[in-house]
Amino acid sequence: MTVRTRPDLATLPAYVPGRSIPGAIKLASNEVSAGPLPSVVQAIADAATAINRYPDSAAVELTTRLSEKLGVPAETIAVGCGSVSLCQQLVQATCTESDDVLFAWRSFEAYPIVTHVAGAGQVRVPLTDGHVHDLDAMAAAIRPKTRMVFVCNPNNPTGTAVTTEQIEAFIEKVPSDVLVVLDEAYKEFVDDPDVPDGVELAKAQWAKGRDNVAVLRTFSKAYGLAGLRVGYAVAPPAVAEALRKVFVPFSVNALAQVAALASLDAEDELMVRCRAIVAERGRVRDELVSAGFEVPVSQANFVWLPLGERTAAFNEHCLSHKVVVRAFAGEGCRVTIGEPEENDAFLAAALSFNS
Ligand SMILES: *Cc1c(COP(=O)(O)O)cnc(C)c1O
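Please read all numbers here as calculations on a predicted model, not as lab measurements.

What counts as what
- Residues numbered from 1 in each chain as written.
- Predicted model: local features only at pLDDT ≥ 70, side-chain atom pairs only at ≥ 80, totals over all residues.
- Heavy atoms only, no water.
- Helix = DSSP H or I, 4+ residues; strand = E, 2+ residues; numbered from the N terminus.
- Salt bridge = Lys/Arg side-chain N within 4 Å of Asp/Glu carboxyl O.
- Buried < 20%, exposed > 50% of the residue type's maximum accessible area, 1.4 Å probe, protein only.
- Axes fitted to C-alpha atoms, helices over the stretch in contact; angles between N-to-C directions.
- Parallel < 35°, antiparallel > 145°, perpendicular 65-115°, else oblique.
- Left-handed = near helix turned anticlockwise from the far one by under 90°.
- Contact = heavy atoms within 4.5 Å.
- Nonpolar A, V, L, I, M, F, W, Y, C, P; charged D, E, K, R; others polar.
- Near = heavy atom within 4 Å.
- Polar contact = N/O pair within 3.5 Å; in protein donor to acceptor, adjacent residues only side chain to side chain.
- Areas by Shrake-Rupley, 256 points an atom, 1.4 Å probe, with all protein chains shown as cover.
- UniProt positions renumbered as here; feature names shortened; annotations may be inferred.
- Patch = residues over 30% accessible without salt bridge, like charges linked within 9 Å, V, L, I, M, F, W, Y side chains within 5 Å.
- Lys, Arg positive; Asp, Glu negative; His and termini not counted.
- Charge placed at Lys NZ, Arg CZ, Asp CG, Glu CD.
- Domains from an automatic or database assignment.
- Buried area = accessible area lost by both parts, 1.4 Å probe.

Asks: How should I be thinking about unusual backbone geometry in this particular structure?
Replies: Excluding glycine, a negative phi dihedral is what most residues carry, and trans is how most peptide bonds are arranged. Look at the link from asparagine 153 to proline 154: it is a cis peptide, with omega at -5°. In this fold, proline 154 is placed in the loop between β5 (146–152) and α6 (164–173). Proline 157 follows asparagine 156 through a cis peptide bond whose omega is 15°. For proline 157, the location among the structural elements is in the loop between β5 and α6. Positive phi, close to 45°, is recorded for alanine 59, a residue that is not glycine. Looking at the secondary structure, you find alanine 59 in the loop between α1 (38–48) and α2 (60–70).

Asks: Hey, could you run me through the pattern of salt bridges in this one?
Replies: For the structure shown, the criterion picks out 18 salt bridges. Taking the shortest distance from any N to any O, the salt bridge between lysine 173 and aspartate 136 comes out at 2.8 Å. With lysine 173 in helix α6 and aspartate 136 in helix α5 (residues 135–141), this pair connects stretches of sequence that are 37 residues apart. For lysine 173, a relative accessible area of 46% gives the class partly exposed. Two residues, arginine 283 and aspartate 344, come together in a salt bridge whose shortest N-O distance is 2.9 Å. Here aspartate 344 lies in helix α12 (residues 340–354) and arginine 283 lies in helix α10 (residues 267–290), a separation of 61 residues in the sequence. When its relative accessible area of 25% is taken as the criterion, arginine 283 is described as partly exposed. A cluster of three or more residues bridged by salt bridges with shared partners is formed by Glu184, Lys187, Asp197 and Arg217.

Asks: It is not clear to me how the packing of α2 against helix α9 (residues 254–265) should be interpreted in this structure. Could you clarify?
Replies: When two helices pack together, their arrangement is given by the angle between the helix axes and by the axis-to-axis distance. One can describe the packing of α2 onto α9 by two numbers: an axis separation of 9 Å at closest approach and a directional angle of 30°. By the criterion of interaxial angle, the relationship of α2 to α9 is roughly parallel. Viewed along their axes, α2 and α9 form a crossing whose handedness is left-handed. Between α2 and α9, the residues in contact are Glu61, Leu62, Arg65, Leu66 and Lys69 and Ala260, Leu261, Leu264 and Asp265, respectively. A class-by-class count of the residues in the contact of α2 with α9 yields five nonpolar, no polar and four charged.

Asks: Explain the site of the ligand here, please?
Replies: Around the ligand, 13 residues are found, and the nearest of them are Ser83, Tyr186, Thr218, Ser220 and Lys221. Valine 84 is positioned such that a nitrogen or oxygen atom in its backbone is 3.0 Å from an oxygen atom of the ligand. Between the ligand and asparagine 156 there is a distance of 2.8 Å, counted from an oxygen atom to a side-chain nitrogen or oxygen. Taken by itself the ligand offers 380 Å² of open surface, and the protein chains cover 93% of this. Across the shell around the ligand, the residue classes break down as five nonpolar, five polar and three charged.

Asks: I would appreciate a short explanation of the UniProt feature "modified residue: N6-(pyridoxal phosphate)lysine" (unreviewed entry) in the protein in the present structure.
Replies: UniProt marks Lys221 with the feature "modified residue: N6-(pyridoxal phosphate)lysine" (unreviewed entry), using the numbering shown here. Relative to the helices and strands, lysine 221 resides in the loop between β7 (213–218) and β8 (231–234). Lysine 221 gets classed as buried once you look at its relative accessible area, which sits at 14%. Excluding its chain neighbours within four sequence positions, the residues that come into contact with lysine 221 are Ser29, Asn30, Val32, Ala185, Tyr186 and Phe189. Only 3.2 Å separates the side chain of lysine 221 from the side chain of tyrosine 186, close enough to count as a polar contact.

Asks: Before we go on, may I ask you to explain the environment of alanine 104 in this structure?
Replies: Structurally, alanine 104 is set in strand β3 (residues 100–105). Here alanine 104 falls in the buried class, since its relative accessible area comes to 0%. If sequence neighbours within four positions are ignored, alanine 104 has contacts with Val125, Leu127, His133, Met138 and Phe150.

Asks: Hey, could you run me through the UniProt feature "domain: Aminotransferase class I/classII large" (unreviewed entry) in the protein in this one?
Replies: The UniProt record marks residues 25–348 with the feature "domain: Aminotransferase class I/classII large" (unreviewed entry), using the residue numbering of this structure. Helix makes up 41% of residues 25–348 and strand 17%, whereas the separation of the span's terminal C-alpha atoms amounts to 13 Å.

Asks: How should I be thinking about a negative patch on the surface in this particular structure?
Replies: A cluster of acidic side chains, namely Glu165, Glu168, Glu172 and Asp194, defines a negative patch on the protein surface. With respect to the helices and strands, the residue glutamate 168 is situated in helix α6.

Asks: Looking at this structure, how should I read the domain arrangement of the protein?
Replies: Often, the extent of an interface is quoted as the loss of accessible area upon association of its parts. Taken domain by domain, the protein comprises domain 1 (7–36 + 268–353) and domain 2 (50–265). Computed over C-alpha atoms only, the centres of domain 1 and domain 2 are separated by 24 Å. Tallying the contact residues gives 31 residues for domain 1 and 29 residues for domain 2. When the two sides are added together, the surface that domain 1 and domain 2 hide from each other amounts to roughly 2500 Å², 62% of it contributed by carbon and sulfur. Run the count over domain 1 and domain 2 and you get three salt bridges.

Dropping the structure here:
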């Protein structure tokens, strides 16, 4: 006899991690290319001598620090093992089998997976022709079973962002017992003043008595700690408490906690890096557009090439130039902005594809 696992798991797509090919330039996973700051490496090394002890499961120091930085009570913060884990916890905390999660599609690949694993249903609302969240259609798609809506802003993989005005109008239309989650994994790369800081937006909503807005942030992207797994939610107290209930104890490890604190200490230095990436993003997009590619304006650390049927060929072409991008078959390629030389290698590959 073989062990019986859930038969429905066979229908689930496996999460596709970015490919790593020896000697190739990796622009597939939206990490920052620059290595960790020496001060962060030192903090990790110092903490390594105490890893025979369990981590602080409540991450008190990090929670306190974030609460001060963001100007929100500590009870509104829930730390998680990467914000992808918090996505899963949010679904677990809000949904049972008879409930639904709503999100745009295409958006972050983890949403359908964590929703399905939690046993909840899902409703996907296509992006507009401009590859942006269709918030009107999303509001119209909310049904009595809907418990939660993910709004990925800027959106992964298209890089497009929705504005403060659009989100506020959307929240107006969402029933107050349905949680709106702004996933801001790429917030630090936003330079359009019309795109909100989700935490400020949430605070304003809470002040109006709207206790159904939460925000997800991560140390994986701008803060360069993808390998350590730490993120956080800023949520109304009842939601943050529910997140802590479904948290796998000790899953935010001790090194991640000290590295996150050291990264907050070095925030100015890290934000300088982000601004350089933003400048490169503009350069890369301009060159691609000049070469005839369609590239939506990106507010993240990547660009999206909606290549449709040509996606697989473009992907192979980039691989033959030793550049690894992230292809979504039949839809497009997402290309992370790296260091200038890495971007040059990608541009050389892309420009020779079109000619
Ligand atoms: C990368 C990413 C995350 C989470 O990353 P973690 O490493 O799990 O913190 C969350 N949301 C989106 C949209 C992302 O692209």
